[in-house]
Amino acid sequence: MADVNSALRKLQSGQALTDAEKKLLGMSTSFETDKAAAKAKRLAEEAAAIAADPDATYAFTKVGTTGLTQAQIDAKAGATSVAALTGGTIDPKTGYITGPTGSTGPTGSPTGLPTGTPTGTPTGTPTGTPTTYTAPDGRIFTDLNAYNAYIEKLKQEEKIAKGQSAYDLLFDRFNEFGMGALVEPLKQFIQQGLSSSELTLRLRDTDAYKKRFAANAQRVAKGLRALSEAEYISKEDAYQDIMRRYGLPESYYTRGEMGRQEGFEKIIANDISDVELEDRISTAQKRVLNANPEVTQALKQFYPDITNGDILAYTLDPKNAIENIKRKVTSAEIGGAAIQAGLKTDMARAEQLQAAGVDKTAAQQGYGTIAGGLQRGSQLASIYGEDPYTQTTAETEVFNIAGAQGARKQRQKITGLERATFGGQSGISSGALTRDRAGGY
């Protein structure tokens, strides 16, 4: 019987048993082999779990020379803290916490050696202490599948928590610029942890985004590339800065929902650079609104419904190219020069002269000359029964446009008749009327 007790002590202390002792206890002589095979199987299962889920390294991989996994180290540290709080101790073999009056662990811990005499031969094969798996939060599992499922659940919960935090930060940041509505549709995708490239694609497909960056769709339809969000907003800022510097009303660049500036959408859609926009505004203000009142008068005469606001609006309408704007302004300046000289002209004639290359300076000089001789020339043509000498005739010669040679001959004929009649100089051949090109006869 002593041999049985000795074998039991060796078994309890974890010592290897001889074949004779195994037989004495009714155990298979292949117990060690079976145990080694079971261990190898367990290690293989752990390796497979790690390969399938790299995060399982926490539960299965030994740390350094400790012989323990990180999960076991954490569990041991947790048990130590609990034991310190409860006044208990940790059994070095089982890891269970025992209180002052006995075991408080799930199955207790042996407090002594078996006593008495066995009444029979033990049967069955001891299975040893079951393998345990400790989750990061201290929860212990004996079933590997259940443990893996729980770890996956914790990972998903952590991902959602991180996603919520990322969403909150992103929403607050966008909301500072009035664009929080752009982020709201992405909440579930941010919480799911989608990559930045995936989030960008999702964002650009939302109605809120399409409304905020509406000009991009128009650009693409015209064969232009869509601007990035940074490029788009940068253009808006540049346009706004120009308008502020030139004193345009805030209504031209007021921001609406999500910071949208609808007044800029046509400009962006038509690929108008900030340099060209400034040129247009400068043309309107410097050459029209700040010019002589006669220029504005002529502009409103040619375009009756136009207001000062409309004049500036011309510069902002992408349908009117910069050369077209300058053409209209120059036509108005030609009309203003005629008014200054006490003459009249219409839009069609002013545009014709502009197309022929007449500018503001030439118009002022030319109409000054025409005003000095037009009345006398008209009188002479009437006296001698010649074709009427009109303002159009004088303009044709003075500004040297198509028909200038015929207009010059007509003037020279009537001045020749006057000289022949009076035997001296013509009344329209002296002073300014003796010159032959723009600025005089």
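Thresholds, definitions, all that
- Residues numbered from 1 in each chain as written.
- Predicted model: local features only at pLDDT ≥ 70, side-chain atom pairs only at ≥ 80, totals over all residues.
- Heavy atoms only, no water.
- Helix = DSSP H or I, 4+ residues; strand = E, 2+ residues; numbered from the N terminus.
- Buried < 20%, exposed > 50% of the residue type's maximum accessible area, 1.4 Å probe, protein only.
- Contact = heavy atoms within 4.5 Å.
- Areas by Shrake-Rupley, 256 points an atom, 1.4 Å probe, with all protein chains shown as cover.
- Axes fitted to C-alpha atoms, helices over the stretch in contact; angles between N-to-C directions.
- Parallel < 35°, antiparallel > 145°, perpendicular 65-115°, else oblique.
- Left-handed = near helix turned anticlockwise from the far one by under 90°.
- Nonpolar A, V, L, I, M, F, W, Y, C, P; charged D, E, K, R; others polar.

Q: Residue-level account of the overall build of the chain, with values.
A: Helix and strand counts for the chain come out as 21 helices and 5 strands. Taken across its 441 residues, the chain has 35% of its residues classed as buried. In the chain, of all internal contacts separated by at least 6 residues, the share reaching a separation of at least 24 is 53%. Entry remark: accessible area of the chain is about 25,000 Å², with carbon and sulfur atoms responsible for 53%.

Q: Would you mind going over the environment of Arg 349 in detail, with residue names and values included?
A: Tracing the backbone through its elements, the reader meets Arg 349 in helix α18 (residues 347-355). Classification of Arg 349 by relative accessible area gives buried; the value is 11%. Measuring from C-alpha to C-alpha, the distance between Arg 349 and Gly 335 comes to 8.8 Å, with 14 residues separating the pair along the chain. When neighbours within four sequence positions are excluded, Arg 349 is seen to be in contact with Thr 392, Glu 395, Thr 396 and Ile 401.

Q: Hey, could you go over the packing of helix α19 (residues 360-383) against helix α20 (residues 391-398) for me, with residue numbers and the actual values?
A: It is at 10 Å that the axes of α19 and α20 come closest, and there the two elements cross at 135°. Judged by the angle between their axes, α19 and α20 are oblique. Considering only the axes of α19 and α20, their crossing is right-handed. On α20, the residues touching Gly 366, Tyr 367, Ile 370 and Leu 374 of α19 are Gln 391, Ala 394, Glu 395 and Val 398. Class assignment of the residues belonging to the contact of α19 with α20 gives a composition of 5 nonpolar, 2 polar and 1 charged.

Geometry only, nothing functional implied.
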